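Commentary on secondary and tertiary structure
Here are the chains, one letter per residue:
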Amino acid sequence: MLRGRAGAEDSDPMSVVSNLFDVAMVFAVALMVALVSRYNMTEMFSQEDFTMVKNPGTEQMEIITKEGEKINRYTPSASDDSDPSATRGERVGTAYRLPSGDIIYIPE
């Protein structure tokens, strides 16, 4: 009787599906943690406001700001040319932050 009962449990095809779902969930969470750690995006989970420039000086540059719970993303090259008030930015210089906290701007 024991042998027949164990054989019935092993032949249940749905038990494999539930195990695969658990493995997929663990993999997805591990992948998200790895991506956040790799790209130093831990600021997204903090309570502080911040501004981040992604791909600076390239055509794919993005400016990402977090203000409270709201996250804004601005892509300068994606501005609409039909709007006369929309302008595209260009690099006009470089700013450096000194160890004392002062910021120095050097025009190009």
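Conventions and cut-offs
- The numbering scheme is per chain: residues are counted from 1 as the chain's sequence reads.
- Owing to the predicted nature of the model, reporting of local features is limited to residues with pLDDT of at least 70; listing and counting of side-chain atom pairs is limited to 80 or more, with chain, interface and lining totals taken over all residues.
- Note: side-chain values were computed over all heavy atoms of the structure, leaving out hydrogens and water.
- Helix and strand assignments come from DSSP, with helices taken as H or I runs of at least 4 residues and strands as E runs of at least 2, each series counted from the N terminus.
- Note on contacts: a residue pair is in contact if any heavy atoms of the two residues lie within 4.5 Å.
- Working definition of accessibility: Shrake-Rupley area with a 1.4 Å probe, residue cover restricted to the visible protein chains.
- Each pair of strands is called paired provided DSSP finds at least two bridges between the two strands.
- To obtain an axis, a line is fitted to C-alpha atoms, over the contacting stretch when the element is a helix, and the angle between two such axes runs from 0 to 180 degrees between their N-to-C directions.
- Counted as salt bridges are all cases of a side-chain nitrogen of Lys or Arg within 4 Å of a carboxyl oxygen of Asp or Glu.
- Relative accessible area decides the class of each residue, using a 1.4 Å probe on protein chains only: under 20% of the type maximum gives buried, over 50% gives exposed, and in between gives partly exposed.
- One fewer than the residue count of a helix, multiplied by 1.5 Å, yields its expected span.
- Patch criteria: residues need more than 30% relative accessible area and no salt bridge. Like-charged residues are merged within 9 Å; nonpolar side chains of Val, Leu, Ile, Met, Phe, Trp and Tyr are merged within 5 Å.

Another aspect to go through is the overall build of the chain. Helix and strand counts for the chain come out as two helices and five strands. The order of α-helices and β-strands along the chain, N terminus first, is α-α-β-β-β-β-β. Within the chain, contacts between residues separated by at least 24 positions form 1% of all contacts whose residues are at least 6 apart in sequence. Working note: accessible area of the chain is about 9600 Å², and carbon and sulfur atoms make up 60% of it.

What follows is about the sheet that holds strand β3 (residues 70–74). Read from one edge of the open sheet, three strands run β1-β2-β3, paired in antiparallel fashion. Pairing within the sheet leaves two strands with one partner each, and these edge strands are β1 (50–54) and β3. In this sheet, adjacent strand axes meet at a mean angle of 15° when their direction is disregarded. With five bridges connecting them, β1 and strand β2 (residues 62–67) associate as antiparallel partners. Looking across to β2, one finds that V53 is bridged to I63.

Looking now at the pattern of salt bridges. Across all of its chains, the model carries two salt bridges by this definition. A salt bridge links K54 to E62; its shortest N-O distance comes to 3.6 Å. We classify K54 as partly exposed; its relative accessible area is 40%. Taking relative accessible area as the criterion, E62 reaches 10% and is therefore assigned buried. Linking R73 and E62 is a salt bridge whose minimum nitrogen-to-oxygen distance equals 2.8 Å. You can see R73 sitting in strand β3 and its partner E62 sitting in strand β2, a full 11 residues away along the chain. If you follow the salt bridges from partner to partner, you end up with K54, E62 and R73 in one network.

Once that is clear, we can look at the pairing of strand β4 (residues 93–97). Looking at chain direction, β4 and strand β5 (residues 103–107) are connected through five bridges and run antiparallel. Paired with Y96 across the bridge in β5 is I104. Here β4 hands over to β5 after five residues, with G101 in that stretch at a positive phi of 100°.

On to helix α2 (residues 14–38), then. Its 25 residues place the ends of α2 36 Å apart at the C-alpha level, agreeing with the 36 Å of an ideal helix rising 1.5 Å per residue. Positive backbone phi, approximately 50°, marks N40, located one or two places after α2.

Right, let's get into a nonpolar patch on the surface. A cluster of nonpolar residues, F27, L31, L35 and Y39, forms a patch on the protein surface that exposes about 450 Å² of accessible area. Relative to the assigned elements, L31 resides in helix α2. Take L31: its relative accessible area is 42%, and that puts it in the partly exposed class.

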